[in-house]
Amino acid sequence: MIRVLIIEDDPMVAEFNKRYLQEVKGFTLAGIVHTVMAAMENLKSEQVDLILLDVYMPGATGLELLRFIREQNISADVILITAAADKENIQTALRYGAVDYLIKPFEFERFNQALIQYKEKYHFFANNQMLRQEDLDGHILSTELKLTGESIDDLPKGLTSSTLESIINVIQTKENSQFSTDDISEITLISRVSVRKYLKFLSTLGVLEESLTYGIGRPGYLYRLKEDKLGQVNRFL
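Everything in this summary refers to the structure shown in the same document.

### Overview of helix α9 (residues 181-188)
All of the buried residues along α9 are Thr-181, Ile-184, Ser-185 and Thr-188. For α9, the arc enclosing every buried residue in end-on projection is 100°, short of the 170-degree limit, so these residues lie on one face. Of the surrounding secondary structure, the elements contacted by the buried residues of α9 are α8 (161-172), α10 (192-205) and β7 (220-225). Positioned one or two residues after α9, Leu-189 has a phi angle of 65°, which is positive.

Laid out in structure tokens, this is it:
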């Protein structure tokens, strides 16, 4: 089992990360800490394979902890899970060796993808002492190329222009109010799973503003149209 340490100052977010982790096979929770100093103490005595780390922490930042991990040669990998979306934080995290970077809010599918990809790399290294170039290219270095084969002007696989247009038309009737996946699904009669894919795509384009809401069970998402960004969709219709 891959041992995971969650480092997150918000207890509610830490709990959701824990629940997400429990849904992915092959991982076990090594602990939850809420400050960088507590994390440093934990890493002195606990064997950890993977760290889920926030950037914005009280006292010291997650990036300072990431630098400490590298300076102390602690053999743990790090995935950032944070609201820090600026270029400087992302570049710094990647330069310090973060294996993935999840920007809040995110959906379970993206979290699941990050852990599955990490698990594949973890077991690949565990089972191979000597590697060939084709091994690295096929299993490690070209992961990003395998994630998507579309150009920037192509819709992601599984999405169609006609359905996208239908969803956009409904969204425009919402004016400046927030709406959920269920709201769009009920009007368009398109499944919630499909609608969620389109809303996620529009959020990635910057056409929708996405916010995370906490309730019973998994966190949910609300969306709001950014009308000044609607032009971003035209090339896909």
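Now that the structure is up, let's keep going.
### Observations concerning the packing of aromatic side chains
Counted according to the given criterion, the structure contains nine aromatic pairs. Ring plane angle 25° and centroid distance 6.1 Å describe the contact between Phe-179 and Tyr-223, whose orientation is recorded as stacked. With a gap of 44 residues between them, Phe-179 in the loop between α8 and α9 and Tyr-223 in strand β7 connect regions that are remote in the sequence. Here Tyr-223 falls in the buried class, since its relative accessible area comes to 0%.

### Things to note about the nonpolar core
One finds Ile-7, Ile-51, Leu-53, Leu-65, Leu-66 and Leu-80 to be the most contacted residues of the largest nonpolar core, which totals 25 residues. For this core, the secondary-structure elements that each account for two or more residues are β1 (2-7), α2 (36-45), β3 (50-53), α3 (62-71) and β4 (77-82). When residues of this core are assigned to their parent elements, the largest contribution, five residues, is made by α3. Those residues in contact with Leu-80 that sit more than four places away from it in its chain are Leu-53, Asp-54, Val-55, Leu-66, Ala-93, Ala-98, Asp-100, Tyr-101 and Leu-102. By size, the runner-up hydrophobic cluster in this structure holds 24 residues, among which are Leu-164, Val-195, Tyr-223 and Val-233.

### What to know about the sheet that holds β3
Read across the open sheet, the five strands follow the order β2-β1-β3-β4-β5; overall the sheet is parallel. Each edge of the open sheet carries a strand with a single partner, namely β2 (27-33) and β5 (100-103). Here the strands of the sheet are splayed against their neighbours by 20° on average, with no regard to which way each runs. Where β4 lies against β5, four bridges are found, and the strand directions are parallel.

### Overview of the environment of Ile-190
Structurally, Ile-190 can be placed in the loop between α9 and α10. Taking the C-alpha atoms as reference, Ile-190 lies 9.9 Å from Ser-166; in sequence the two are 24 residues apart. Excluding its chain neighbours within four sequence positions, the residues that come into contact with Ile-190 are Thr-163, Ile-167, Ser-185 and Val-195.

### Digging into the pairing of β3
Burial of β3 is two-sided: the residues Leu-50 and Leu-52 facing one way and the residues Ile-51 and Leu-53 facing the other way are all buried. Both β3 and β4 contribute to a ladder of four bridges, which runs parallel. Among the inter-strand pairings, Leu-50 is bridged to a residue of β4, identified as Asp-77. Crossover β3 to β4 through α3 is right-handed.

### Overview of the packing of α8 against α10
Interaxial distance between α8 and α10 falls to 11 Å at its minimum, and their mutual angle equals 75°. As the angle between them shows, α8 and α10 are arranged roughly perpendicular. Contact residues: Thr-163, Leu-164, Ile-167, Ile-168 and Ile-171 in α8; Val-195, Tyr-198, Leu-199, Phe-201 and Leu-202 in α10. Its residues assigned to classes, the contact of α8 with α10 shows nine nonpolar, one polar and no charged.

### Notes on the pattern of salt bridges
Under the criterion given, the structure shown has nine salt bridges. A salt bridge links Glu-107 to Arg-196; the nearest nitrogen and oxygen atoms lie 4.0 Å apart. Of this pair, Glu-107 sits in the loop between β5 and α5 (108-126) while Arg-196 sits in helix α10, and the two are 89 residues apart along the sequence. Overall, Glu-107 belongs to the buried group, its relative accessible area being 8%. In the salt-bridge network here, residues are joined through shared partners; they are Glu-8, Asp-54 and Lys-104.

Criteria and thresholds
Residues numbered from 1 in each chain as written. Predicted model: local features only at pLDDT ≥ 70, side-chain atom pairs only at ≥ 80, totals over all residues. Heavy atoms only, no water. Buried < 20%, exposed > 50% of the residue type's maximum accessible area, 1.4 Å probe, protein only. Helix = DSSP H or I, 4+ residues; strand = E, 2+ residues; numbered from the N terminus. Arc of directions from axis to C-beta. Contact = heavy atoms within 4.5 Å. Phe/Tyr/Trp six-rings, centres within 6.5 Å; stacked < 30°, edge-to-face > 60°. Core = buried A, V, L, I, M, F, W, Y, C linked by side-chain atoms within 4.5 Å. Pairing = 2+ DSSP bridges. Axes fitted to C-alpha atoms, helices over the stretch in contact; angles between N-to-C directions. Right-handed = clockwise from strand over helix to strand, strands pointing away. Parallel < 35°, antiparallel > 145°, perpendicular 65-115°, else oblique. Nonpolar A, V, L, I, M, F, W, Y, C, P; charged D, E, K, R; others polar. Salt bridge = Lys/Arg side-chain N within 4 Å of Asp/Glu carboxyl O.

Structural measurements only, silent on function.
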